[in-house]
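# Overview (structure and organization)
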Amino acid sequence: LTLCLLYNGLRQALFAFHNQTDDTQEKRAAVGNTLFLAAILLGIGGALLMIFAHSIGTALGIGHVQLFRFAILTFLCETLAILLIALAQARVQSGLFVVMTVVQFAIRVSLCILFVACWSWGAQGVLTASLLASLTVIAILLAREIKVGLALNPAQFRAMLWFALPFVPGGIGFFILNSGDRFFLLRHVTWVEIGAYALGYKLALVVKLLSRRPLYQVWSAKMYKAAESPDASKLFGRVFSRIIGAYVLVGAGLCLVDREVVLLLTGFVCHGAASVMVPVFFGFLFLSASDLMDAAFYIKRKTAWKTPITCFATLIMLALYATLIPAFGIFGAAWATAIGFSTHTVMTWYCSQKVMRVEYQWKRVLCFLGLAIAIWIGSRLLPVSLWMIPVKFLLWTVLPLSAWQVGLVTPDEKESLLSFWRSMIHRSRPSSNALATSPQ
């Protein structure tokens, strides 16, 4: 809830106000206002959570109130650390973003091993490791920002606050959209089925991690300047097609070997885990489309649209959970996710088009998706075995090759891909030539 209610709104406000101006002072004010606003919200939210920690812990069945308070402090610091790392993303400083992410991860893992495995601190050790890792990142990045220079702008501060506020009800809605199925599953299925569902769900999320997430991290910072282009409507449509295409390409590869991946991880064919991967993949395909369509609300600073969209989609999703989970168990939960997110996408498309028109290439996207579905259906005729993974990989290569041949990849994109490939080959040559011509 801390991440949903605070981080997303402040992060998007930072991106919008930082990247929609070329004035250095306004950029510094955007950073300063974001950090000041974060400090206020985290301080108030953290204080309230600390005060009512005993009541909340009792309601959730958490017996260790002091440990719960320590966890609250840890998550508040993690939120601030993530927000500071997002500054590198807003400036498209991918090197700094990766370095700080890796540093935070390395410190957390190293200290976890020390505190938990060596000193037997248990859960306290896990939280202490996370807290120290976050504080290290905060100290490094905050010192860097202070050195660069921070500023405050009261008018901009108010505008950023109004920009971020709709994310509060939206955050609650998305918490239910993403996690509400667990509360229904606990009442209607066994723990074994919940474990199978969790495994399939997490594997489906790998697709987003390897496709949409890295691309969107760059696009979410660049889209503000792209919106100033005369052909912004067509440009946003092309970017939508390419990012969704990347998601479908990676997702098709996972769905082709879904049963083999589960077999590799568990040692047996867990049909429950494999059966939920495909519908959850579709669910997050729709969610990825919604995230890209949200660009209209951020660019035009009309984030208030997100509140009714998310609330209506949440009601639909709850109705689907209540109907499908008692009848079909984890399979019903997976398809409720897909149908619920598709509803969210349709509403987002309809409302975002009123805010900023985008010429989506629907025919191209649907043809590529249909081709992927056809290949996946064909793969169902093949046996389930680890030895079939190379065969199914070859089957997966049919998807990009077919898209290339039938024209789903435009001539400009073909030339860009070929140029990128030639540049990669060219970069690898100097080292070998240098060795060949070396005096030694």
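Just so it is clear, the model here is predicted, and its values are computed rather than measured.

### Focus on the overall build of the protein chain
Counting its secondary structure elements, the protein chain contains 18 helices and zero strands. In terms of C-alpha radius of gyration, the protein chain reaches 24 Å, essentially the compact-globule figure of 22 Å for 440 residues. C-alpha extents for the protein chain along the principal axes are approximately 60 × 60 × 60 Å. The proportion of buried residues among the 440 residues of the protein chain is 45%. Sequence-distant contacts in the protein chain: of pairs separated by 6 or more residues, those separated by 24 or more amount to 78%. Split by element, the accessible area of the protein chain, about 22200 Å² in all, is 71% carbon and sulfur.

### Quick word on the nonpolar core
Ranked by size, the top nonpolar core spans 112 residues in total, and within it Leu 185, Tyr 197, Trp 219, Met 223, Phe 236, Phe 240 and Ile 244 carry the most contacts. Apart from residues lying up to four places away in sequence, Phe 240 is in contact with Ala 289, Leu 292, Met 293, Tyr 360, Trp 362 and Val 365. By size, the runner-up hydrophobic cluster in this structure holds six residues, among which are Leu 42, Phe 68, Ile 72 and Leu 76.

### Describing the packing of aromatic side chains
Applying the stated criterion across every chain yields a total of 21 aromatic pairs. Relative to Phe 284, the ring of Tyr 201 lies with its centre 5.7 Å away and its plane at 85°, an arrangement referred to as edge-to-face. Residue Tyr 201 is located in helix 9 (residues 191-210), and its partner Phe 284 is located in helix 13 (residues 271-293); the two are separated by 83 residues in the primary sequence. Relative to Phe 236, the ring of Trp 219 lies with its centre 4.9 Å away and its plane at 65°, an arrangement referred to as edge-to-face. With Trp 219 in helix 10 (residues 212-226) and Phe 236 in helix 11 (residues 232-256), this pair connects stretches of sequence that are 17 residues apart. For the residue pair Trp 219 and Phe 236, the accessibility class agrees, reading buried in each case. Here a set of aromatic residues connected by ring pairs shows up, and it is made of Phe 17, Phe 163, Phe 167 and Tyr 298. Here the guanidinium or amino end of Arg 11 rests over the ring plane of Phe 15, the centre of that ring lying 4.8 Å away. The ring centre of Tyr 201 lies 4.5 Å from the NZ or CZ of Arg 182, which sits over that ring.

### Side note on the pattern of salt bridges
The full count for this structure, using the stated rule, is 13 salt bridges. Arg 91 serves as the salt-bridge partner of Glu 145, at 2.8 Å between the closest nitrogen and oxygen. Here the residue Glu 145 occupies a position in helix 6 (residues 123-148), and Arg 91 occupies one in the loop between helix 4 (65-90) and helix 5 (94-118), the gap between them amounting to 54 residues. The class of Glu 145 is buried, set by a relative accessible area of 3%. When its relative accessible area of 25% is taken as the criterion, Arg 91 is described as partly exposed. Two residues, Arg 364 and Glu 413, come together in a salt bridge whose shortest N-O distance is 2.2 Å. Within this pair, whereas Arg 364 is found in helix 16 (residues 362-379), its partner Glu 413 is found in helix 18 (residues 411-437), the two being separated by 49 residues in sequence. Note on Glu 413: relative accessible area 11%, which makes it buried. Salt bridges sharing partners connect three or more residues here, namely Arg 91, Arg 144 and Glu 145.

### Looking at helix 17 (residues 389-406)
With 18 residues, helix 17 extends 26 Å between its outermost C-alpha atoms, agreeing within 8% with the 26 Å of an ideal straight helix rising 1.5 Å per residue. Listing the buried residues of helix 17 in full gives Lys 392, Leu 399 and Ala 403. Along its buried surface, helix 17 packs onto helix 11, helix 12 (258-266) and helix 16. Immediately beyond the C-terminal end of helix 17, within one or two residues, lies Gly 407, with a positive phi of roughly 95°.

### Here we look at a nonpolar patch on the surface
A surface patch of nonpolar side chains, about 690 Å² in accessible area, is lined by Phe 36, Ile 40, Ile 44, Leu 48, Ile 51, Phe 52 and Leu 152. Among the secondary structure elements, Phe 36 is positioned in helix 2 (residues 24-51).

### Description of the packing of helix 8 (residues 167-188) against helix 15 (residues 306-355)
Helix-helix packing is characterised by the crossing angle of the two axes and by the distance between the axes. Contact geometry of helix 8 with helix 15 gives a least axis separation of 9 Å together with a crossing angle of 10°. What the angle tells us is that helix 8 and helix 15 run roughly parallel. Residue composition of the contact of helix 8 with helix 15, by class: 17 nonpolar, eleven polar and two charged.

### Looking at unusual backbone geometry
Non-glycine residue Val 92 carries a positive phi angle of around 55°. Backbone geometry places Ser 120, a non-glycine residue, at a positive phi of 55°. Looking at the secondary structure, you find Ser 120 in the loop between helix 5 and helix 6. Among the residues examined, Ser 120 registers a relative accessible area of 59% and is labelled exposed.

### Things to note about helix 5
Residues lying three or four places apart along an α-helix face the same way, a consequence of the helix completing one turn every 3.6 residues. Here helix 5 contains 25 residues, and its C-alpha end-to-end distance of 35 Å stays within 8% of the 36 Å for a straight helix at 1.5 Å per residue. In the core, the buried residues of helix 5 are packed alongside helix 4, helix 6 and helix 10. The first or second residue beyond helix 5 is Ser 120, which carries a positive phi of 55°.

### Some words on the confidence of the model for the protein chain
Per-residue pLDDT for the protein chain averages 90, and the proportion of residues at 70 or more is 95%. Across the protein chain, the element-wise mean pLDDT spans from 73 in helix 18 up to 96 in helix 11. Across residues 432-440, where pLDDT falls below 50, the model places zero contacts with residues more than four positions away in sequence or in other chains.

About the criteria used
Residues numbered from 1 in each chain as written. Predicted model: local features only at pLDDT ≥ 70, side-chain atom pairs only at ≥ 80, totals over all residues. Heavy atoms only, no water. Helix = DSSP H or I, 4+ residues; strand = E, 2+ residues; numbered from the N terminus. Rg over C-alpha atoms; globule rule 2.2 N^0.38 Å. Buried < 20%, exposed > 50% of the residue type's maximum accessible area, 1.4 Å probe, protein only. Contact = heavy atoms within 4.5 Å. Areas by Shrake-Rupley, 256 points an atom, 1.4 Å probe, with all protein chains shown as cover. Core = buried A, V, L, I, M, F, W, Y, C linked by side-chain atoms within 4.5 Å. Phe/Tyr/Trp six-rings, centres within 6.5 Å; stacked < 30°, edge-to-face > 60°. Lys NZ or Arg CZ within 6 Å of the ring centre and 35° of its normal. Salt bridge = Lys/Arg side-chain N within 4 Å of Asp/Glu carboxyl O. Expected span 1.5 Å × (residues − 1). Patch = residues over 30% accessible without salt bridge, like charges linked within 9 Å, V, L, I, M, F, W, Y side chains within 5 Å. Axes fitted to C-alpha atoms, helices over the stretch in contact; angles between N-to-C directions. Parallel < 35°, antiparallel > 145°, perpendicular 65-115°, else oblique. Nonpolar A, V, L, I, M, F, W, Y, C, P; charged D, E, K, R; others polar. pLDDT = per-residue confidence, 0-100.

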